Amino acid sequence: MTAWSAVVLAGSRHGGPEPVAAYAGVPHKALIRLTGETLLARVHAALTVAGAGRIAVVSSHPDVRAEAARLGAEILDEASGPSLSVKAAAVALGPPLLITTADHPLLQPDWVTAFLAQVPADADVAALAVRREAVEAAVPGAQRTWIHLADGDWKGCNLFWLANARALGVVDLWRRVEAERKHPLRMARMLGPAILLRYATGRLRLEDAARRLGQMAGARAAIVETPHGLASVDVDKPADLDLVRRIVGETPG
């Protein structure tokens, strides 16, 4: 496979401290320790074993930047939002590029390599997703937010692939969605009446949604399905941290 780089998003919460970081007693959630390692270190290790040629950490937090330097990662400044941070990282490192987050502590190298091996050859951008059944089998009873579509309920896995420069069109679309996220009517207009009608009538599949978003961005977009339910687990809330601690055999709290 062509050499690839990875970007780990470790931005700071806007508008105050992160509840999960405060719960863990650390200044940033990327610095939470799990089995003796920071979450950032666990993600960095998984990407290294998976074969990333370069790994960059995007953060403006001084303690996170210090941890990134300790790990030997490149350090990039955080932009005003995730999409702009990704775009700046893509310009700095160049494609192909894998995007993930620092709060992905269960990330496994084989999940990454399997994802990359299954990205269609003609895809400009791809995302990893998992079905509800796989998540509930892996973490019974866990509360999750699902994408409800005709082919089932889905959850994203915080792994994205930017194959080439055309993928940046999807990043620009992401920025537009960020800007309109509090205006549902404007977001609906962006998607167009045909795709909204299919969603409203329960006929929209995940593959169709990805194709439409790619068309809007002038790129070919694909979804890769993983059977690993744990790939969807990130650490956004104290309950998430307690969950991953139980999964790795640590006592929550």
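Structure shown above.
Criteria and cut-off values
Residues numbered from 1 in each chain as written. Predicted model: local features only at pLDDT ≥ 70, side-chain atom pairs only at ≥ 80, totals over all residues. Heavy atoms only, no water. Helix = DSSP H or I, 4+ residues; strand = E, 2+ residues; numbered from the N terminus. Rg over C-alpha atoms; globule rule 2.2 N^0.38 Å. Buried < 20%, exposed > 50% of the residue type's maximum accessible area, 1.4 Å probe, protein only. Contact = heavy atoms within 4.5 Å. Areas by Shrake-Rupley, 256 points an atom, 1.4 Å probe, with all protein chains shown as cover. Lys, Arg positive; Asp, Glu negative; His and termini not counted. Charge placed at Lys NZ, Arg CZ, Asp CG, Glu CD. Pairing = 2+ DSSP bridges. Polar contact = N/O pair within 3.5 Å; in protein donor to acceptor, adjacent residues only side chain to side chain. Phe/Tyr/Trp six-rings, centres within 6.5 Å; stacked < 30°, edge-to-face > 60°. Expected span 1.5 Å × (residues − 1). Core = buried A, V, L, I, M, F, W, Y, C linked by side-chain atoms within 4.5 Å. Salt bridge = Lys/Arg side-chain N within 4 Å of Asp/Glu carboxyl O. Axes fitted to C-alpha atoms, helices over the stretch in contact; angles between N-to-C directions. Left-handed = near helix turned anticlockwise from the far one by under 90°. Nonpolar A, V, L, I, M, F, W, Y, C, P; charged D, E, K, R; others polar.

J.: Give me the overall build of the protein chain: which residues, what numbers.
T.: Per the secondary structure count, the protein chain includes eleven helices and ten strands. Over its C-alpha atoms the protein chain spans a radius of gyration of 18 Å, differing by no more than 12% from the 18 Å that the globule rule assigns to 253 residues. Overall, the protein chain is about 50 × 40 × 40 Å in size when its C-alpha atoms are taken along their principal axes. Within the span of the protein chain, comprising 253 residues, buried residues form 47% of the whole. Long-range contacts, defined here as pairs at least 24 residues apart, represent 71% of the contacts in the protein chain between residues at least 6 apart. Approximately 12,100 Å² of the protein chain is accessible, and the part contributed by carbon and sulfur atoms is 56%. Positive and negative side-chain charges in the protein chain, numbering 28 and 26 respectively, have mean positions lying 6 Å apart.

J.: Run through the pairing of strand E6 (residues 97-101), naming residues and quoting values.
T.: One face of the sheet, then the other: side chains in a regular strand alternate in exactly this way. Among the five residues that make up E6, five are buried, leaving the element largely enclosed by the rest of the structure. Neither face of E6 is exposed, since Leu97, Ile99 and Thr101 on one face and Leu98 and Thr100 on the opposite face are all buried. Relative to E6, strand E1 (residues 5-9) runs parallel, the two sharing five bridges. By the bridge assignment for E6, Val8 is matched with Thr100.

J.: Which residues make up the environment of Thr35, and what are the values?
T.: Turning to its location among the elements, Thr35 is positioned in the loop between strand E2 (33-34) and strand E3 (37-38). Relative accessible area serves as the criterion here: at 39%, Thr35 is assigned to the partly exposed category. Expressed as a C-alpha distance, the spacing of Thr35 and Gly249, which sit 214 residues apart in the sequence, is 8.6 Å. Those residues in contact with Thr35 that lie beyond four places of it in its chain are Arg42, Val248 and Glu250. A distance of 2.6 Å separates the side chain of Thr35 from the side chain of Arg42, its partner in a polar contact.

J.: So what's going on with the packing of aromatic side chains? Which residues, and what values?
T.: Per the counting criterion, the structure on display carries one aromatic pair. Aromatic pair Trp4 and Trp161: ring centres 6.4 Å apart, planes at 75 degrees, arrangement edge-to-face. Of this pair, Trp4 sits in the segment before E1 while Trp161 sits in strand E9 (residues 152-162), placing them 157 residues apart in sequence. Residues Trp4 and Trp161 agree in their burial class; the two are buried.

J.: Tell me about helix H10 (residues 206-217), and name the residues and values.
T.: Along its twelve residues, H10 runs 17 Å from first to last C-alpha, staying within 8% of the 16 Å computed at 1.5 Å per residue. Taken together, the buried positions of H10 are Leu206, Asp208, Ala209, Ala210, Gly214 and Ala217. Just downstream of H10 lies Gly218, where phi reads positive at about 70 degrees.

J.: How would you explain the nonpolar core if you had to name every residue and give the values?
T.: Membership of the largest hydrophobic core comes to 50 residues, with the highest contact counts inside it found for Trp4, Leu40, Leu47, Leu98, Val112 and Phe115. Looking at which element gives the most residues to this core, the answer is helix H2 (residues 39-50), with seven residues. Once residues within four sequence positions are removed from consideration, Trp4 is found in contact with Leu47, Ala50, Gly51, Ala52, Gly53, Arg54, Pro96, Leu98, Val112, Leu116 and Trp161. Formed by 15 residues, the second largest nonpolar core is a distinct cluster that contains Leu76, Val86, Leu97 and Leu162.

J.: Before we move on, can you summarise the pattern of salt bridges with the specific residues and values?
T.: Note on pairing: side chains with opposite charge can pair once their charged atoms come close. Applying the stated rule across the entire model yields 16 salt bridges. Between Asp236 and Lys29 there is a salt bridge whose closest N-O contact spans 3.0 Å. With a gap of 207 residues between them, Asp236 in the loop between strand E10 (221-225) and helix H11 (238-247) and Lys29 in the loop between helix H1 (19-24) and E2 connect regions that are remote in the sequence. Among the residues examined, Asp236 registers a relative accessible area of 41% and is labelled partly exposed.

J.: I'd like a rundown of the packing of H2 against helix H3 (residues 62-71), residues and numbers included.
T.: Where H2 meets H3, the axes come as close as 10 Å, and the angle between the chain directions of the two elements is 35 degrees. The chirality of how H2 crosses H3 is right-handed. Two secondary-structure elements touch here, H2 through Leu40, Ala41 and His44 and H3 through Val64, Glu67, Ala68, Arg70 and Leu71. Taken together, the residues of the contact of H2 with H3 break down into five nonpolar, one polar and two charged.

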